[in-house]
Amino acid sequence: MTAKDFIVAIELGSTKITGIAGRKSMDGSIQILAVVREDATSCIRKGVVYNIDKTSVCLNNVIKKLRSLLKADISQVYVGVGGQSIRSIKNVIVKNVSDDSVISQDMINELMDNNRSMSYPDQEILDAATQEYKVGTQYQIDPVGIQCNKLEGNFLNILCRKSFYRNLNKCFESAGIAIAEMYLAPIALAHSVLTDTEKRSGCVLVDLGADTTTVSVYYKNILRHLAVIPLGGNNITKDLASWPMEEKDAEALKQKYASAYTDPNDIESDKTIPIDNERTIDQQTFVDIVEARLNEIIENVWEQVPKEYGSKLLGGIILTGGGSNMNNIKKAFAEKTHQSKIRIAKTVIQNVTSTDKDVNAQNGTMCTAIGLLAKGDMNCAGQPINQKTDLFGSNNPTGGTASTDTNRPPRKIGDLETGTVITEREKQLMEEEKRRKQEAEAARLAKIKYEEEQRLKEEEKKRKKNKGMGKVWSTLKDFGNKLISDEEEKGDK
């Protein structure tokens with residue numbers, strides 16, 4: 001049966017690209033219609049595109065597989081942005097206003113625009129999360145309508161390397177896939193695995209991936225810090241492989257025997273773990289290798305928590321991602337962070353129905369993909385595919401994909417939802433619109449200046465003319481007075 005309306009999201013992970021299609025109901029529940037995966041180890045590292053051509057091929061394969069399952073074309077997709085180099089940095093923008101001015105939305109938008117205009121060497125601002133506004137000496141979430149003489153905006157700018165941002169956009173442009181919206185994957189994930197209570201009372205979300213670990217800190221429903229650590233489960237595998245053994249054997253060994261925490265009393269001095277039919281590794285050495293790397297990851301995670309929020313995490317630590325499935329992972333985090341409240345988010349908070357085994361496994365590996373799908377609100381369905389022809393697009397010269405230009409009019413920064421990443425095309429449109437406004441303002445000011453100069457010239461002409469007439473009048477007056485004086489002198493004689 002052909003699907004007529006659905007949402008499509010694509011997650012670019014460290015080891016695979018995941019395409020997911022589904023429908024959302026009015027009650028917030030999600031029906032998964034199709035899930036496809038494409039190996040990305042040859043083109044993506046630590047969640048970042050490093051081979052544009054190969055990534056474009058993978059993306060096209062994902063779209064083709066989804067089209068085949070959905071029996072419908074795909075007009076646009078939602079995309080998650082994550083991976084190495086993403087980090088957050090605080091920024092403060094101050095605006096002095098006249099005494100007792102009332103704060104307007106235009107003032108707030110101006111602060112946002114000025115913040116987005118900040119320049120960071122080799123870095124691109126993906127998103128800016130508003131922290132709060134300082135009005136006088138008070139902090140406000142929504143200061144519109146309040147009187148003040150000084151307004152201060154506090155922002156959390158989320159950055160990534162410009163080259164990573166450009167490469168991601170180029171991949172979709174090269175593949176001819178239209179982007180409905182780009183979202184920061186960690187924020188989309190947080191919206192789907194964290195409860196309102198956790199975000200309000202303060203929590204740390206830790207996404208334990210294969211090559212990276214993402215840390216998001218929330219307090220009072222606001223994202224306070226975001227960082228991606230270039231360490232993940234694959235680092236443990238590589239450490240084990242140095243024994244030596246093949247990485248696939250090391251991964252199997254990790255999956256079967258590894259524990260995030262092992263009580264010293266449970267380690268037997270003469271116990272060994274089989275590597276293959278001929279070799280073994282003693283239990284103590286195996287535990288030391290696993291725990292050394294995992295403790296390094298946990299320590300790096302905890303260092304990312306800003307000191308001012310370390311004692312305010314009433315919501316605790318929430319673990320998700322493939323690494324959260326390791327035995328005793330909660331115990332390991334509790335030992336290192338001294339936090340007693342730790343939860344593993346095996347799945348999203350929305351009600352999800354699916355026939356996909358990975359979705360139904362509820363092991364944390366599909367949370368980001370489903371979170372991206374949950375963020376979507378525009379229909380991604382194109383025309384139904386003619387079943388009498390090739391499902392893979394031989395009946396469609398464009399291959400079933402659309403132009404990357406979604407014809408969306410330029411949006412204002414204040415209109416963007418938190419977590420929304422501006423595409424390169426939309427950024428160009430925004431810059432063109434800003435340039436047009438600047439040129440129009442420059443023309444307006446030039447006109448005012450010209451008119452003022454003309455007015456001054458006219459006044460100077462009148463002044464000179466009046467001054468000249470004054471001289472003539474003065475000369476005539478003096479001449480007249482002299483004549484009168486001469487006549488009076490003749491009369492006296």
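This structure is a prediction, so every number in the text was calculated from the model and none was measured.

Bringing the confidence of the model for the chain into the picture now. Residue-level pLDDT values for the chain average 88, and 89% of them are 70 or greater. The low-confidence segment residues 389–405, where pLDDT is below 50, has 36 contacts with residues more than four positions distant or belonging to other chains.

Further remarks concern the packing of helix H1 (residues 52–70) against helix H3 (residues 162–175). Where H1 meets H3, the axes come as close as 8 Å, and the angle between the chain directions of the two elements is 55°. With respect to their mutual orientation, H1 and H3 come out oblique. In the crossing of H1 with H3, the sense of the turn from one axis to the other is right-handed. On H3, the residues that touch Ile52, Thr55, Ser56, Leu59 and Asn60 of H1 are Asn167, Lys170, Cys171, Phe172, Ser174 and Ala175. Tallied by class, residues from the contact of H1 with H3 come to five nonpolar, five polar and one charged.

Take the pattern of salt bridges next. Applying the stated criterion across every chain, the model contains 22 salt bridges. Measuring nitrogen to oxygen at the nearest pair gives 3.2 Å for the salt bridge that ties glutamate 110 to lysine 95. Of this pair, glutamate 110 sits in helix H2 (residues 105–116) while lysine 95 sits in strand S8 (residues 87–102); the two residues are 15 residues apart in sequence, bridging distant segments of the chain. The class for lysine 95 is buried, based on a relative accessible area of 19%. With its nearest N and O atoms 2.9 Å apart, the salt bridge here joins arginine 343 to glutamate 198. With a gap of 145 residues between them, arginine 343 in strand S19 (residues 342–344) and glutamate 198 in helix H5 (residues 196–201) connect regions that are remote in the sequence. Overall, the relative accessible area of 9% leaves glutamate 198 in the buried class. Look at the salt bridges and you will find they share partners, linking Arg37, Asp356, Lys357 and Asp358 into a network.

Judged by how many residues are buried, strand S13 (residues 203–208) sits mostly within the fold: six of six residues are covered. Covered by surrounding structure in S13 are Cys203, Leu205 and Asp207 together with Val204, Val206 and Leu208, the residues of both alternating faces. Where S13 meets strand S14 (residues 213–219), six bridges bridge the pair, whose relative direction is antiparallel. Following the sheet pairing, valine 206 is matched in S14 by valine 215. Examined bridge by bridge, S13 and strand S18 (residues 316–320) share five bridges and lie parallel to one another. Across the sheet, the residue bridging to leucine 205 is isoleucine 318, located in S18.

What counts, and where the lines are drawn
- Residues numbered from 1 in each chain as written.
- Predicted model: local features only at pLDDT ≥ 70, side-chain atom pairs only at ≥ 80, totals over all residues.
- Heavy atoms only, no water.
- pLDDT = per-residue confidence, 0-100.
- Contact = heavy atoms within 4.5 Å.
- Axes fitted to C-alpha atoms, helices over the stretch in contact; angles between N-to-C directions.
- Helix = DSSP H or I, 4+ residues; strand = E, 2+ residues; numbered from the N terminus.
- Parallel < 35°, antiparallel > 145°, perpendicular 65-115°, else oblique.
- Left-handed = near helix turned anticlockwise from the far one by under 90°.
- Nonpolar A, V, L, I, M, F, W, Y, C, P; charged D, E, K, R; others polar.
- Salt bridge = Lys/Arg side-chain N within 4 Å of Asp/Glu carboxyl O.
- Buried < 20%, exposed > 50% of the residue type's maximum accessible area, 1.4 Å probe, protein only.
- Pairing = 2+ DSSP bridges.

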